[in-house]
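Listed below, chain by chain, are the residues.
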Amino acid sequence: MRAAALSVAASPEPDRDCPLCPRLHDFIATWREREPGWFNAPVPTFMPPEGEDSVKLLIVGLAPGLRGANRTGRPFTGDYAGDMLYGTLIAHGLARGEFKARPDDGLELVGTAITNAVRCVPPENKPAGEEIATCRRFLVPTIARFPNLRAVLALGSIAHQSTVRALGGRVAALPFRHGGRQEAGGITLFSSYHCSRYNTNTGVLTEAMFVNVFREIEAFLRG
């Protein structure tokens, strides 16, 4: 049975003008003036066309990138991290089509949904602790909305920690490590270093390391 935290009644998607984190709200307002053609709003969960019941894997990133998801309105779309993530998803049958870094590229997820621990773009890609905690009110019902969810993949330590808390677990008991696999709130939680350009350029995360995580997830979902 899933953790009691998942029973919290709330919408899984924030309003376009969500005011809960003033710093993030003001940052987006500034970019709406600078780039009125951008999405510039809380980025919604990317869903498969078959709907919520088809989702067995949820991928949780940190937050939208300024010129990535904040610009395009789709998680991991418009920056390097998306190239690596969506290419890997396609290779493992978790997405279909061709990723062209545009929300209208026709790419579709298969049995998978993608969201972020923090839905609004933070200055310098660094959300504050209170912003992460506040946005968990959307992560909790996002996890709960998928009745057939079996696994969550957290990308990076912050996404991992927020997901553990959303599942009702203790971070101290379920620490982050790349390639980790743990049980929390009735869900199997996998963890990986974030597929950011910084991590790949510095060798923190290699393509082989990332692929190995998805091989384990693929085998788990087949089991």
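Relevant structure appears above.
Residues numbered from 1 in each chain as written. Predicted model: local features only at pLDDT ≥ 70, side-chain atom pairs only at ≥ 80, totals over all residues. Heavy atoms only, no water.

K.L.:
I would appreciate a short explanation of the overall build of the protein in the present structure.
P.N.:
Secondary structure assignment for the protein yields seven helices and seven strands. Reading the protein from its N end, one meets helices and strands in the order α-β-α-α-β-β-β-α-β-α-β-β-α-α. Against the compact-globule benchmark of 17 Å for 223 residues, the protein has a radius of gyration of 16 Å, which places it among compact chains. The proportion of buried residues among the 223 residues of the protein is 52%. Within the protein, counting contacts between residues at least 6 apart in sequence, those at least 24 apart form 71% of the total. Accessible surface, the protein as shown: approximately 10000 Å² in total, 51% of it carbon and sulfur. Treating the 25 positive side-chain charges of the protein as one cloud and the 22 negative ones as another, the clouds have centres 5 Å apart. (Helix = DSSP H or I, 4+ residues; strand = E, 2+ residues; numbered from the N terminus. Rg over C-alpha atoms; globule rule 2.2 N^0.38 Å. Buried < 20%, exposed > 50% of the residue type's maximum accessible area, 1.4 Å probe, protein only. Contact = heavy atoms within 4.5 Å. Areas by Shrake-Rupley, 256 points an atom, 1.4 Å probe, with all protein chains shown as cover. Lys, Arg positive; Asp, Glu negative; His and termini not counted. Charge placed at Lys NZ, Arg CZ, Asp CG, Glu CD.)

K.L.:
Hey, could you run me through the pattern of salt bridges in this one?
P.N.:
Should their charged atoms come close, side chains of opposite charge can pair. Summed over all chains, the structure comprises 11 salt bridges. A salt bridge links E13 to R145; its shortest N-O distance comes to 3.2 Å. Separated by 132 residues along the polypeptide, E13 in the segment before α1 (22-34) and R145 in the loop between α4 (129-144) and β5 (151-155) bring together distant segments of the chain. The residue R32 makes a salt bridge to D17 at a minimum N-O spacing of 2.6 Å. Residue R32 is found in helix α1, and its partner D17 is found in the segment before α1; the two are separated by 15 residues along the sequence. Judged by relative accessible area, R32 falls into the partly exposed class, the value being 27%. For D17, a relative accessible area of 45% corresponds to the partly exposed category. One connected set of salt bridges, linked through shared partners, spans E13, E52, R119 and R145. (Salt bridge = Lys/Arg side-chain N within 4 Å of Asp/Glu carboxyl O.)

K.L.:
I'm lost on the nonpolar core in this one. Help?
P.N.:
Side chains of a nonpolar character, in soluble globular proteins, are inclined to be buried together. Among the nonpolar cores identified, the biggest contains 27 residues, and I59, L85, Y86, L89, I114, L153 and C195 are the most heavily contacted of them. Elements supplying a minimum of two residues to this core: β1 (57-61), α3 (80-91), β5 and α7 (207-222). The leading source of residues in this core is α7, at six residues. When near neighbours in sequence (up to four residues on either side) are disregarded, Y86 contacts F46, R74, P75, F76, T77, F99, L107, L109 and I114. Counting 20 residues, the second largest nonpolar core, distinct from the first, contains V140, I143, L167 and L174. (Core = buried A, V, L, I, M, F, W, Y, C linked by side-chain atoms within 4.5 Å.)

K.L.:
How do you make sense of the side chain of N70 when you look at a structure like this?
P.N.:
As for its placement among the helices and strands, N70 is situated in helix α2 (residues 69-72). Overall, N70 belongs to the buried group, its relative accessible area being 1%. Engagement of the side chain of N70 in a polar contact is seen with the backbone oxygen of L66, the distance being 3.3 Å. Excluding residues within four positions of it along the chain, N70 makes contact with I28, W38, F39, N40, A41, V43, P64, G65 and V121. (Polar contact = N/O pair within 3.5 Å; in protein donor to acceptor, adjacent residues only side chain to side chain.)

Interpretation note: all reported values are geometric properties and have no functional meaning in isolation.
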